[in-house]
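Here are the chains, one letter per residue:
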Protein chains: 2
Amino acid sequence: MELTESHRTALWDVLNWRRDVRHFRTDPIPERIKKTLQAAMDLAPSVGNARPWRVVEVVTPALREQIIANFEGANEAAGEIYDDDRKQAYNALKLAGLREAPLHLAVFTDHAPKAGHGLGRQTMPEMLNYSTVAAIHTLWLVARAENIGVGWVSIFDPQSVCRTLGVSETWSLTAYLCIGYPVEVNQTPELHRRGWQTSADSAWIKA
Amino acid sequence: MELTESHRTALWDVLNWRRDVRHFRTDPIPERIKKTLQAAMDLAPSVGNARPWRVVEVVTPALREQIIANFEGANEAAGEIYDDDRKQAYNALKLAGLREAPLHLAVFTDHAPKAGHGLGRQTMPEMLNYSTVAAIHTLWLVARAENIGVGWVSIFDPQSVCRTLGVSETWSLTAYLCIGYPVEVNQTPELHRRGWQTSADSAWIKA
């Protein structure tokens, strides 16, 4: 299929308006949309077509409380590395939307998937994790196109999340996603607006 | 910005028609398109807005030869783990397009970026690699929308690629991308058509 200018324009709109969302409304995500998000992940590239992502939708309130406690402990420890000004800035950031987001997805990578027959990952076994990341990014873009926000929270003790959710020993945590309708829509990322980090140039050199 | 049905339709077209391409025409990628691909990466999510991806466009023929030799050695070793039937299937796969693809990008992750101030990666330092993967996936989708093919080659000794290209000690190889106009456009992935691995269901469970 030859893709056209209208595809390019639409794709750039999605990319330009994708944000990492931390402020959610509490109204639920319809089941239909959850199916759409799952189908989106299945269109992601994966090494050897291994599809190693494993998704746990965390719905049990007691489990969510353990996840939140894990985040709060890791977040407090993370703030300790900064000097006074930066620590104040750190503490002013809202780094999760765990209490408000209606949909919580813990996304794991299975390091022993049957699918794929090991193709493409003998010298770079991290390709399995990378496949899961591509699936998460695909979900993120499709969510944005549905006007739904996604926040990728990484301030956790990841092994503890695995224990809380009782997952297989061959799985590791890749991401914990907060998903819901955003409170506001803004083209400028919150880390820019709050003065944490604007966009630095990234290298593209020739050799 | 409220995204619409036309955005969703276009995005799904891009996702449905993105392939991992290994068969390239040799005509060059215009400079304008390279700029577009670079701009696409800059729209990817990154932890703390650290933007840790570092891109080396490999143009020097002698360096390309070293990369190809690296691939060939790793590929031969990789084939050794299979029994006879699977080994035959492995050897029949075309796993790179290194000789034909006009554009080679070695994509690295900088593990000591100044940007981001360490935000979001104290307990999960692999978030830097994951940011680079999101940037690669963004490039891939934008390339597809330009009717350009991308092949992610992972059958390398990654440290050896770093040495060949003489990159900083703080960089690790995340991906080696072959990029060019595809010889053919097919909605069915080559691994399906060649019987290596069809799509297995991926888990989405509740806890």
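Look above for the structure.
Residues numbered from 1 in each chain as written. Chains lettered and ligands numbered in written order. Predicted model: local features only at pLDDT ≥ 70, side-chain atom pairs only at ≥ 80, totals over all residues. Heavy atoms only, no water.

K.L.:
Give a detailed account of the overall build of chain A, specifying residues and quantitative values.
P.N.:
When helices and strands are counted, chain A shows seven helices and five strands. Counting helices and strands in the order they occur from the N terminus, chain A gives α-α-β-α-α-β-α-β-α-β-α-β. Taking 17 Å as the expected radius of gyration for a compact globule of 207 residues, we find that chain A reaches 18 Å, a close match to that expectation. Taken along the three principal axes of its C-alpha coordinates, chain A extends 50 × 45 × 45 Å. The long-range fraction of contacts in chain A, counting pairs at least 24 apart against all pairs at least 6 apart in sequence, stands at 83%. Within the structure as shown, chain A displays about 8400 Å² of accessible surface, and the carbon and sulfur contribution to it stands at 50%. Distance between charge centres in chain A, computed from 22 positive and 24 negative side chains, equals 5 Å. (Helix = DSSP H or I, 4+ residues; strand = E, 2+ residues; numbered from the N terminus. Rg over C-alpha atoms; globule rule 2.2 N^0.38 Å. Contact = heavy atoms within 4.5 Å. Areas by Shrake-Rupley, 256 points an atom, 1.4 Å probe, with all protein chains shown as cover. Lys, Arg positive; Asp, Glu negative; His and termini not counted. Charge placed at Lys NZ, Arg CZ, Asp CG, Glu CD.)

K.L.:
Lay out the interface of chain A and chain B in plain terms, naming residues and giving numbers.
P.N.:
Interfaces are often described in size by the accessible area the parts lose on coming together. Listed per partner, the contact involves 97 residues of chain A and 97 residues of chain B. Where chain A abuts chain B, roughly 8400 Å² becomes buried across the two surfaces, and 62% of that area is made up of carbon and sulfur atoms. When the area that chain A buries against chain B is broken down by residue, the three leading residues are Met1, Trp204 and Ala207 of chain A, summing to 10%. On the surface where chain A and chain B come into contact, there are three salt bridges. A salt bridge links Arg8 of chain B to Glu146 of chain A; its shortest N-O distance comes to 3.9 Å. Our enumeration of links across chain A and chain B arrives at 63 residue pairs in polar contact (both at pLDDT 80 or more). Among the elements that take part in the side of chain A that touches chain B, helix α5 (residues 127–145) of chain A stands out by supplying twelve residues, more than any other. (Buried area = accessible area lost by both parts, 1.4 Å probe. Salt bridge = Lys/Arg side-chain N within 4 Å of Asp/Glu carboxyl O. Polar contact = N/O pair within 3.5 Å; in protein donor to acceptor, adjacent residues only side chain to side chain.)

K.L.:
Please provide a residue-by-residue account of the sheet that holds strand β4 (residues 171–180) of chain B, values included.
P.N.:
Taken in spatial order, the five strands make up an open sheet running β5(A)-β1(B)-β2(B)-β4(B)-β3(B), and their pairing is mixed. Looking along the sheet, the strands with just one partner apiece sit at the ends: β5 (204–206) of chain A together with β3 (149–153) of chain B. Geometrically, the sheet is characterised by an average inter-axis angle of 30 degrees between neighbouring strands, direction not taken into account. Bridge analysis of β5 of chain A against strand β1 (residues 53–57) of chain B gives three bridges, and the strand direction is parallel. Across the sheet, residue Lys206 of chain A finds its bridge partner in β1 of chain B, namely Glu57 of chain B. Sheet strands in contact with helix α5 (residues 127–145) of chain B are β1, β2 (103–110), β3 and β4 of chain B, and its direction is about 5 degrees off that of β4 of chain B. (Pairing = 2+ DSSP bridges. Axes fitted to C-alpha atoms, helices over the stretch in contact; angles between N-to-C directions.)

K.L.:
Which residues make up the relation of the copies chain A and chain B, and what values go with them?
P.N.:
Relating the two copies of this chain is a rotation about some axis coupled with a shift parallel to it. Overlay of chain A on chain B (RMSD 0.0 Å): rotation 180 degrees, translation along the axis 0.0 Å. The superposition of one copy onto the other is thereby described by a two-fold rotation axis. (Least-squares fit on C-alpha atoms with pLDDT ≥ 70 in both.)

K.L.:
Could you give an account of the state of the cysteines, naming the residues involved and the relevant values?
P.N.:
All names here are of chain A. One pass over the structure, following the stated rule, counts zero disulfides over all chains. Cysteine Cys162 remains unbridged, with the sulfur of Cys178 as its closest cysteine sulfur at 17 Å. Note on Cys162: relative accessible area 14%, which makes it buried. Under the relative-accessibility criterion, Cys178 is labelled buried at 1%. (Disulfide = S-S within 2.5 Å. Buried < 20%, exposed > 50% of the residue type's maximum accessible area, 1.4 Å probe, protein only.)

K.L.:
Tell me about the sheet that holds strand β3 (residues 149–153) of chain A, and name the residues and values.
P.N.:
In sheet architecture, strand pairing relies on hydrogen bonds along the backbone and comes in two forms, parallel and antiparallel. Within the open sheet, the five strands sit side by side as β3(A)-β4(A)-β2(A)-β1(A)-β5(B). Their pairing is mixed. Every interior strand has two partners, whereas the edge strands, β3 of chain A together with β5 (204–206) of chain B, have only one. Strand after strand, the sheet turns through a mean of 30 degrees between neighbouring axes, direction not considered.

K.L.:
Talk me through the environment of Arg54 of chain A; I want residue IDs and the actual numbers.
P.N.:
Within the secondary structure layout, Arg54 of chain A lies in strand β1 (residues 53–57). As a C-alpha pair, Arg54 of chain A and Asn91 of chain A span 37 residues in sequence and 32 Å in three-dimensional space.

K.L.:
So what's going on with the packing of helix α1 (residues 5–17) of chain A against helix α1 (residues 5–17) of chain B? Residues and values would help.
P.N.:
At their nearest, the axes of α1 of chain A and α1 of chain B sit 8 Å apart, and the two run at 105 degrees to each other. Considering their axes alone, α1 of chain A and α1 of chain B lie roughly perpendicular with respect to each other. In contact with Ser6, His7, Ala10, Leu11, Asp13 and Val14 of chain A of α1 of chain A, α1 of chain B contributes Ser6, His7, Ala10, Leu11, Asp13 and Val14 of chain B. In the contact of α1 of chain A with α1 of chain B, the residues fall into six nonpolar, four polar and two charged. (Parallel < 35°, antiparallel > 145°, perpendicular 65-115°, else oblique. Nonpolar A, V, L, I, M, F, W, Y, C, P; charged D, E, K, R; others polar.)

K.L.:
Tell me about helix α2 (residues 31–41) of chain A, residues and numbers included.
P.N.:
Residue and element names in this part refer to chain A. Of all the positions in α2, only Ile33, Lys34, Thr36, Leu37, Ala40 and Met41 are classed as buried. Buried residues of α2, viewed axially, fall in a sector of 160 degrees; they line one side. When the buried face of α2 is taken as reference, the exposed residues oriented beyond 90 degrees from it are Arg32 and Lys35. (Arc of directions from axis to C-beta.)

K.L.:
Tell me about the pattern of salt bridges, and please be specific about residues and values.
P.N.:
Scanning the entire structure with this criterion turns up 29 salt bridges over all chains. Across the salt bridge formed by Arg8 of chain B and Glu5 of chain B, the nearest N and O atoms sit 3.3 Å from each other. A residue pair is termed a helical-turn pair when its members lie 3 or 4 positions apart in one helix, as Arg8 of chain B and Glu5 of chain B do in helix α1 at three residues. The exposure class of Arg8 of chain B is buried, given its relative accessible area of 16%. Look at Glu5 of chain B and you get exposed, because its relative accessible area is 52%. Close ionic contact of Glu72 of chain B with Arg99 of chain B constitutes a salt bridge, the shortest N to O distance being 3.7 Å. Here the residue Glu72 of chain B occupies a position in helix α3 (residues 61–79), and Arg99 of chain B occupies one in the loop between α4 (84–92) and β2, the gap between them amounting to 27 residues. Counted as one network, the salt bridges with shared partners bring together Glu31, Lys34 and Glu57 of chain A together with Lys206 of chain B.

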